[in-house]
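Fold and geometry: a report
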Amino acid sequence: MPDVARGLGGKALEMGRRYAEIARTYPKIGRYVHVYHPDMQGPMDICELLWGSELFLGLVDEPALVHECLELICETYVRF
């Protein structure tokens, strides 16, 4: 499983911490600027981005491998 605190994941988490600090320091900003869960897409979309469009052939030719890939993506998504 990839480390969710590295790369873009780490940058997103750090930005969330910064936004929370800004909201505490400046209450008017905290009242009017809302931070929410980003749209990270779903597991199938992430799998297709990693695998490529051949993923759809993989569903038929290598279903166990696709299932493994989707499980890892889901576990990583939940951890993030």
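Heads up: the structure comes first, above all this text.
Everything numeric here is computed off the predicted structure, so don't read it as measured data. (Residues numbered from 1 in each chain as written. Predicted model: local features only at pLDDT ≥ 70, side-chain atom pairs only at ≥ 80, totals over all residues. Heavy atoms only, no water.)

On to helix α5 (residues 63-79). When the terminal C-alpha atoms of α5 are compared, their 24 Å separation across 17 residues agrees well with the 24 Å that a helix rising 1.5 Å per residue should span. Of all the positions in α5, only V66, I73 and T76 are classed as buried. Down the axis of α5, the smallest arc covering the buried residues is 95°, so these residues share one side. Turned more than 90 degrees off the buried face of α5, the exposed positions are A64, E68, V78 and R79. Packing partners of the buried residues in α5 comprise α3 (43-51) and α4 (55-61). (Helix = DSSP H or I, 4+ residues; strand = E, 2+ residues; numbered from the N terminus. Expected span 1.5 Å × (residues − 1). Buried < 20%, exposed > 50% of the residue type's maximum accessible area, 1.4 Å probe, protein only. Arc of directions from axis to C-beta. Contact = heavy atoms within 4.5 Å.)

On the surface, M15, Y19, I22, Y26, I29, Y32, V33 and V35 cluster together into a nonpolar patch covering about 790 Å² of accessible area. Contributing elements (two or more residues each) for the nonpolar patch: α1 (7-25) and α2 (27-32). When residues in the nonpolar patch are grouped by element, the largest group, 3 residues, is from α1. Note on placement: Y32 falls in helix α2. Y32 sits in the exposed class, given a relative accessible area of 57%. (Patch = residues over 30% accessible without salt bridge, like charges linked within 9 Å, V, L, I, M, F, W, Y side chains within 5 Å. Areas by Shrake-Rupley, 256 points an atom, 1.4 Å probe, with all protein chains shown as cover. Salt bridge = Lys/Arg side-chain N within 4 Å of Asp/Glu carboxyl O.)

Moving on, we get to the packing of α3 against α5. Running from amino to carboxyl end, α3 crosses α5 at an angle of 115°, the nearest separation of the two axes being 9 Å. The way α3 lies across α5 gives a crossing that is right-handed. Residue-level inspection shows P43, M44, I46, C47, L50 and W51 of α3 in contact with α5, the latter providing L65, V66, C69, L70, I73, C74 and Y77. (Axes fitted to C-alpha atoms, helices over the stretch in contact; angles between N-to-C directions. Left-handed = near helix turned anticlockwise from the far one by under 90°.)

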